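Survey of secondary and tertiary structure
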Amino acid sequence: MQKKKSKYLWILSAVTVVFVLFIWWLVTDGLGIFTSNTLPSPIKIVQAFIKKLTDPNPDGATLGAHLLSSLKIVLSGYLLGVVIGIPMGIVMAWYEKADLMIRPVFDMIRTVPGIAWVPVMVVFCGIGFTSKAIVIFIGAVVANVINAYSGIKQTKQVHLWVGATFGASNWQLLTKIALPSAFPMIINGLKLSLGGAWTTIVAAELLASNRGIGYMIQQARGILRPDIIIVGMFVIGIVGSLLMLPISLLEKKVMKGGKW
Amino acid sequence: MRMEQTGKVKKDFIVCKDVMEEFPKADEGMFRVAENLNFTVKENEFLVLFGPGQCGKTSILNMIAGFDLPTSGSITVDGQEVKGPGAERGMVFQTTCLFPWLTVMGNVEYGPKVRGVGKKERRKKAQHYIDLVGLQGFENHFPVKISGGMKQRVGIARAYCNEPVVMLMDEPFGHLDAQTRYLMQEDLMKIWEREKRTVIFVTNNIEEALYLADRILVLTNCPTKVKAEYKIDLPRPRDYTDPDFLKLRKEISEVVDHTL
């Protein structure tokens, strides 16, 4: 019964999408309430999207080139942040001395929002790749440290006791009990920091850049091209959710027995 | 191995001598959980610690397991003073504390795995205990997908699979419904008769105590000590409606009620 029901549920979502698109079309091309200079119709957005795929005007690069530039920065900063942040959080949670050593610096850094790093980084490294990758990196490290740390700290005492009665060493308690316990929180950190990285890059590009999706939006705003702005927004949304896919797949694979 | 093992003479296997335990209270001062606690357990004996709720029964088990150490006094197991958890003392916990990220098989084979036993050998051993607790066919199920009674069966199999010489059981059936509880008691007796171990079983259920025990220690409220001792010589399997059973039930109930 339940399987039959869920098979047709997607129609509900499809109806909503069609309805929204229809209303959008109605208030633009349909009834002409909004002109193309304020809110372009869905059809014009699709046209602008197709044109922008090959046309470097008016901002000097095609959509693909902008996207590639943003992705390169996001992924380098993010992956580096993950690779350093997760082990750092784990070490801080498991070894008190490491916690005491790292915490003062970490607490200072974590309270500064990612975007507030942009001005100082621009002064240090200019408006290119490096400054923004560092900003993304800082944000990703903070989120991953915090989540890995809390995940390890939330390991149930009784689970550690079980390990102890089995004669597990401290290292085995960490790798075989605390780490799997912390897995859902670590995944949470991966997701949060990826969302954060993607937000930060767009914001950073609005402030200081000569390439990238955020830059494209900013330029289009300057010359009153709302169609390109909206294309940029859609690309941000769609690419952002595509980036989440591998993390969700990993989560499903490891947590096949259900959540804990 | 041991000289004393010859003949029918059983030696004192576990000795609790003048055990006192205190915890710092939340506000100030110390909370005394146990004092003047003296008892011994013979090898392969099934000892039940019976007392009112919150009387410190779990604290005693935690000290024998080595999770906590006595503030003063000593606990020795097989001549060795308890200084921390060890693989020779297995524990079945009050609430199920299976590792949710592992299957039934993964949980049961955990102990041998931690000690580095090869896959083939530990699987064989785990399968033996899974069969013993009647869970064949559920090897690949995850803990969230099985019932409370089955989880406790896995908990028992997991503790047995590590082949401890002492089995500590902390109200393992306390959260089960009455019917399941009777069943588990019967099965536990069968398992104990097939694979003799020294068992210390904590409960606040008088029928359970009488059904299982070779000997019952009645404990007082906090700070807990031994109030009375009953050797139970009724033949096994025991009958809850047997006149001798009921007589003992009444007698022990009265002793406990006076301590409240």
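Residues numbered from 1 in each chain as written. Chains lettered and ligands numbered in written order. Predicted model: local features only at pLDDT ≥ 70, side-chain atom pairs only at ≥ 80, totals over all residues. Heavy atoms only, no water.

What about the overall build of chain B?
A count of helical and extended segments in chain B gives eight helices and ten strands. The C-alpha radius of gyration computed for chain B amounts to 19 Å, which stays within 12% of the reference 18 Å derived for 260 residues, consistent with globular compactness. Its C-alpha atoms give chain B principal-axis dimensions of about 50 × 50 × 45 Å. Put simply, chain B has 260 residues, and 54% of those count as buried. Entry remark: accessible area of chain B is about 12,000 Å², with carbon and sulfur atoms responsible for 50%. Looking at charge distribution, chain B has the averaged site of its 37 positive side-chain charges lying 6 Å from that of its 37 negative ones. (Helix = DSSP H or I, 4+ residues; strand = E, 2+ residues; numbered from the N terminus. Rg over C-alpha atoms; globule rule 2.2 N^0.38 Å. Buried < 20%, exposed > 50% of the residue type's maximum accessible area, 1.4 Å probe, protein only. Areas by Shrake-Rupley, 256 points an atom, 1.4 Å probe, with all protein chains shown as cover. Lys, Arg positive; Asp, Glu negative; His and termini not counted. Charge placed at Lys NZ, Arg CZ, Asp CG, Glu CD.)

Observations regarding the overall build of chain A
A tally of regular secondary structure across chain A gives eleven helices and zero strands. Of the regular secondary structure in chain A, the N- to C-terminal order runs α-α-α-α-α-α-α-α-α-α-α. In terms of overall dimensions, chain A is more spread out than a globule: its C-alpha atoms have a radius of gyration of 23 Å, far above the 18 Å expected for 260 residues. By its C-alpha atoms, chain A is 75 × 60 × 25 Å across when sized along the principal axes. Expressed as a percentage of its 260 residues, the buried residues of chain A come to 43%. When the accessible surface of chain A is summed, it comes to about 14,300 Å², and 72% of that surface belongs to carbon and sulfur atoms.

Let's talk about the confidence of the model for chain A
When pLDDT is averaged along chain A, the result is 91; 98% of the residues meet or exceed 70. For chain A, helix H1 (residues 2–8) of chain A is the element with the lowest average pLDDT, namely 63, and helix H4 (residues 63–94) of chain A is the one with the highest, namely 95. (pLDDT = per-residue confidence, 0-100.)

Notes on the interface of chain B and chain A
On the chain A side, the residues contacting the 23 residues of chain B number 19 residues. Of the roughly 1,900 Å² buried between chain B and chain A on both sides combined, carbon and sulfur atoms contribute 73%. Area buried by chain B at its contact with chain A is led by Trp101, Tyr110 and Val114 of chain B, which between them contribute 32% of it. Linking chain B to chain A there are zero salt bridges. Joining chain B to chain A, the criterion identifies three residue pairs in polar contact (both at pLDDT 80 or more). (Contact = heavy atoms within 4.5 Å. Buried area = accessible area lost by both parts, 1.4 Å probe. Salt bridge = Lys/Arg side-chain N within 4 Å of Asp/Glu carboxyl O. Polar contact = N/O pair within 3.5 Å; in protein donor to acceptor, adjacent residues only side chain to side chain.)

Side note on the packing of helix H8 (residues 157–165) of chain A against helix H9 (residues 170–207) of chain A
All names here are of chain A. Packing of H8 against H9 leaves a shortest axis separation of 10 Å and a crossing angle of 155 degrees. Here H9 runs roughly antiparallel to H8, going by the angle between their axes. Considering the relative orientation of H8 and H9, their crossing is right-handed. Packed against H8, whose contacting residues are His159, Leu160, Gly163 and Ala164, the element H9 presents Leu173, Ile177 and Ser181 at the interface. Partitioned by chemical class, the residues of the contact of H8 with H9 number four nonpolar, three polar and no charged. (Axes fitted to C-alpha atoms, helices over the stretch in contact; angles between N-to-C directions. Parallel < 35°, antiparallel > 145°, perpendicular 65-115°, else oblique. Left-handed = near helix turned anticlockwise from the far one by under 90°. Nonpolar A, V, L, I, M, F, W, Y, C, P; charged D, E, K, R; others polar.)

Section: unusual backbone geometry
Residues and elements named next belong to chain B. At the junction of Cys222 and Pro223, the peptide bond is cis and its omega measures out at -10 degrees in the coordinates. Within the secondary structure, Pro223 is located in the loop between strand E9 (215–219) and strand E10 (226–231). A positive phi is found at Asn36, a non-glycine position, where the angle reads about 50 degrees. Relative to the helices and strands, Asn36 is located in strand E2 (residues 30–42). Of note, the phi angle at Glu163 is positive, near 50 degrees, even though the residue is not glycine. Within the secondary structure, Glu163 is located in the loop between helix H5 (148–161) and strand E7 (166–170). For Glu163, a relative accessible area of 42% translates into the label partly exposed.

Digging into a nonpolar patch on the surface
Residue and element names in this part refer to chain A. A cluster of nonpolar side chains, namely Phe19, Val20, Phe22, Ile23, Trp25 and Ile43, defines an oily patch on the protein surface of about 560 Å² accessible area. The element best represented in the nonpolar patch is helix H2 (residues 10–30), accounting for five residues. Counting through the fold element by element, Ile43 comes out in helix H3 (residues 42–54). (Patch = residues over 30% accessible without salt bridge, like charges linked within 9 Å, V, L, I, M, F, W, Y side chains within 5 Å.)

Digging into the layout of surface pockets
As a volume, the largest pocket reaches approximately 310 Å³. Lys156, His159 and Trp260 of chain A together with Pro100 and Trp101 of chain B are, among the 18 residues lining the largest pocket, the residues nearest its centre. For the lining of the largest pocket, the leading source of residues is H9 of chain A, giving three residues. Of the residues contributing to the lining of the largest pocket, the split by class is nine nonpolar, six polar and three charged. (1 Å grid on protein atoms, 1.4 Å probe; cavity = no way out; pocket = protein on both sides within 12 Å on 5 of 7 lines; lining within 4 Å. Points joined across faces, edges and corners; volume = space filled by probe spheres on them.)

What to know about the state of the cysteines
Residues and elements named next belong to chain B. As enumerated under the stated definition, the model contains zero disulfides over all chains in all. We note that Cys55 lacks a disulfide partner, and the nearest cysteine sulfur, in Cys222, lies 6.5 Å from it. Cys55 sits in the buried class, given a relative accessible area of 1%. Cys97 carries a free sulfur, and the closest cysteine sulfur to it, the one in Cys161, is 15 Å from it. (Disulfide = S-S within 2.5 Å.)

Describing the domain arrangement of chain A
All names here are of chain A. When its domains are assigned, chain A resolves into domain 1 (1–34) and domain 2 (41–254). Summarising the inter-unit geometry, the C-alpha centres of domain 1 and domain 2 are found 32 Å apart. Residue-level contacts link five residues of domain 1 with seven residues of domain 2. For the pair domain 1 and domain 2, the summed buried area comes to about 450 Å², and 75% of that belongs to carbon and sulfur atoms. Contact with domain 2 buries area across many residues of domain 1, yet Trp24, Trp25 and Asp29 alone supply 84% of it, more than any other trio. Across the pair Lys44 and Asp29 runs a salt bridge whose closest N-O atoms are separated by 3.4 Å. Across the contact surface, domain 1 and domain 2 share two residue pairs in polar contact (both at pLDDT 80 or more). Broken down by class, the residue content of the side of domain 1 that touches domain 2 amounts to three nonpolar, one polar and one charged. (Domains from an automatic or database assignment.)

Quick notes on the environment of Thr220 of chain B
Residue and element names in this part refer to chain B. Along the chain, Thr220 falls in the loop between E9 and E10. Sequence separation between Thr220 and Gly84 is 136 residues, and the spatial gap between their C-alpha atoms is 26 Å. The residues contacting Thr220, other than those within four sequence positions of it, are Cys55, Lys225 and Lys227.

Overview of helix H11 (residues 226–254) of chain A
Compared with an ideal rise of 1.5 Å per residue, which puts 29 residues at 42 Å, H11 of chain A spans 43 Å between its outermost C-alpha atoms and is within 8% of the ideal. Residue Leu245 of chain A marks the point of greatest curvature in H11 of chain A, where the axis turns by about 30 degrees; the proline Pro246 of chain A follows within four residues. (Expected span 1.5 Å × (residues − 1). Bend = angle between axes of the 7 residues up to and from the residue.)

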